[in-house]
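Structural overview for review
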Amino acid sequence: EAGVAQSPRYKIIEKRQSVAFWCNPISGHATLYWYQQILGQGPKLLIQFQNNGVVDDSQLPKDRFSAERLKGVDSTLKIQPAKLEDSAVYLCASSPRLAGELLGSYNEQFFGPGTRLTVL
Amino acid sequence: AQSVTQPDIHITVSEGASLELRCNYSYGATPYLFWYVQSPGQGLQLLLKYFSGDTLVQGIKGFEAEFKRSQSSFNLRKPSVHWSDAAEYFCAVASNTGNQFYFGTGTSLTVIP
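Residues numbered from 1 in each chain as written. Chains lettered and ligands numbered in written order. Predicted model: local features only at pLDDT ≥ 70, side-chain atom pairs only at ≥ 80, totals over all residues. Heavy atoms only, no water.

Focus on the side chain of B:Ser73
All names here are of chain B. Rules: For helices the rule is a DSSP run of H or I covering at least 4 residues; for strands it is a run of E covering at least 2, with both sets numbered from the N terminus onward. Per-residue accessibility, obtained with a 1.4 Å probe over protein chains only, is compared with the maximum for each type, and a residue is labelled buried under 20%, exposed over 50%, and partly exposed between these values. Only heavy atoms enter the contact rule, under which two residues are in contact if any of them lie within 4.5 Å.
Within the secondary structure, Ser-73 is located in strand 9 (residues 73–78). What makes Ser-73 buried here is its relative accessible area of 4%. Setting aside residues no more than four positions away along its own chain, Ser-73 makes contact with Cys-23, Asn-24, Tyr-25, Glu-66, Phe-67 and Lys-68.

Description of the nonpolar core
Convention followed: By nonpolar core is meant a set of buried Ala, Val, Leu, Ile, Met, Phe, Trp, Tyr and Cys residues that side-chain atoms within 4.5 Å join together.
B:Leu19, B:Trp35, B:Leu47, B:Leu48, B:Phe74, B:Leu76 and B:Tyr89 are the most contacted members of the largest nonpolar core, which has 27 residues in total. When residues of this core are traced back to their parent elements, those giving at least two are strand 2 (10–14), strand 3 (19–21), strand 5 (32–38), strand 6 (44–50), strand 8 (64–68), strand 9, strand 10 (87–94) and strand 12 (107–112) of chain B. If we ignore the near neighbours within four places in the chain, the residues touching B:Leu47 are B:Trp35, B:Tyr36, B:Val37, B:Gly59, B:Ile60, B:Lys61, B:Phe63, B:Leu76 and B:Tyr89. Judged by nonpolar contacts, the second largest core, of 21 residues, contains A:Cys23, A:Leu32, A:Leu77 and A:Tyr90.

Regarding the pairing of strand 9 of chain B
Residues and elements named next belong to chain B. Defined as follows: Between any two strands, pairing holds if DSSP finds at least two bridges.
Burial analysis of strand 9 places five of its six residues in the buried class, which makes it a mostly covered element. Of the strand pairs in this sheet, strand 3 and strand 9 are connected by three bridges, and their pairing is antiparallel. Paired with Leu-19 across the bridge in strand 9 is Lys-78. In this sheet, strand 9 lies alongside strand 8 in antiparallel orientation, the contact comprising five bridges.

Brief notes about the sheet that holds strand 8 (residues 75–79) of chain A
All names here are of chain A. We apply this condition: Lines fitted to C-alpha atoms define the axes here, with helix axes fitted over just the stretch in contact, and angles between the N-to-C directions of these axes take values from 0 to 180 degrees.
A sheet is described by the order of its strands in space; here four strands give the open sequence 1-3-8-7, paired in antiparallel fashion. Each edge of the sheet is formed by a strand with only one pairing partner; in this case those strands are strand 1 (5–7) and strand 7 (65–68). Mean inter-strand twist for the sheet, computed between neighbouring axes without regard to direction, equals 15 degrees. Two strands pair when backbone bridges link them, and strand 7 and strand 8 are joined in this way by four bridges, in the antiparallel orientation. Across the sheet, residue Ala-67 finds its bridge partner in strand 8, namely Leu-77.

Quick word on the pattern of salt bridges
Just so we agree on the cut-off: The rule for a salt bridge is simple: a side-chain nitrogen of Lys or Arg has to be within 4 Å of a carboxyl oxygen of Asp or Glu.
Tallied over the entire structure, the rule returns six salt bridges over all chains. The salt bridge partner of A:Arg64 is A:Asp86, with a shortest N-O separation of 2.5 Å. You can see A:Arg64 sitting in the loop between strand 6 (53–56) and strand 7 and its partner A:Asp86 sitting in the loop between strand 8 and strand 9 (88–95), a full 22 residues away along the chain. What makes A:Arg64 buried here is its relative accessible area of 12%. Look at A:Asp86 and you get buried, because its relative accessible area is 3%. Beyond isolated ion pairs, a larger network of salt bridges with shared partners links B:Glu64, B:Glu66 and B:Arg77.

None of the figures reported here should be taken as evidence of function without further support.
Structural data, given as structure tokens:
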């Protein structure tokens, strides 16, 4: 079974530029997550989708970050404009769990390798 | 507020020695607890999880963890560490629906031959 795919793996941009990350979840997984992992910190959940709808985006800085999952499969996360403090690894994860469904042994999250963003 | 504390930023152990990584959590309801491992350039891999029942849980790669409600702890253990265990380890707590997921700051493990 193919895992969660993310691209690009690395990105370097100047501050105030725009950047987009792409995630392809495991086939059939309804739920998709985007996390931000700043160096020396644990991952922080930014947004959670179920199919093409947003379940929770309370931690997403909406003034500059946006995300979509138009067809309920792939997802893109965009930053516009980028700031120095956005330098981090952006992780995508997917799960077969549906929103409101209790966590169980069959619906864990599977993580992609991440995209490392450096903002200069 | 929900939070996870991993008091040890970095731990060094000799190969073959035992290992214990500490994790303390603060969560208002029944916690769902996880340990993940992250190797350089890799995503997070689930080692084990606790939802309910037996407070000693077994995971992959010979790891185990014990949930102690009275101490709000979920420490990770391994009786004999291998060089390939060198990585970053994260403890996490989640709500029962997984809509809230909080990670600790991680513990970096170095294994000395």
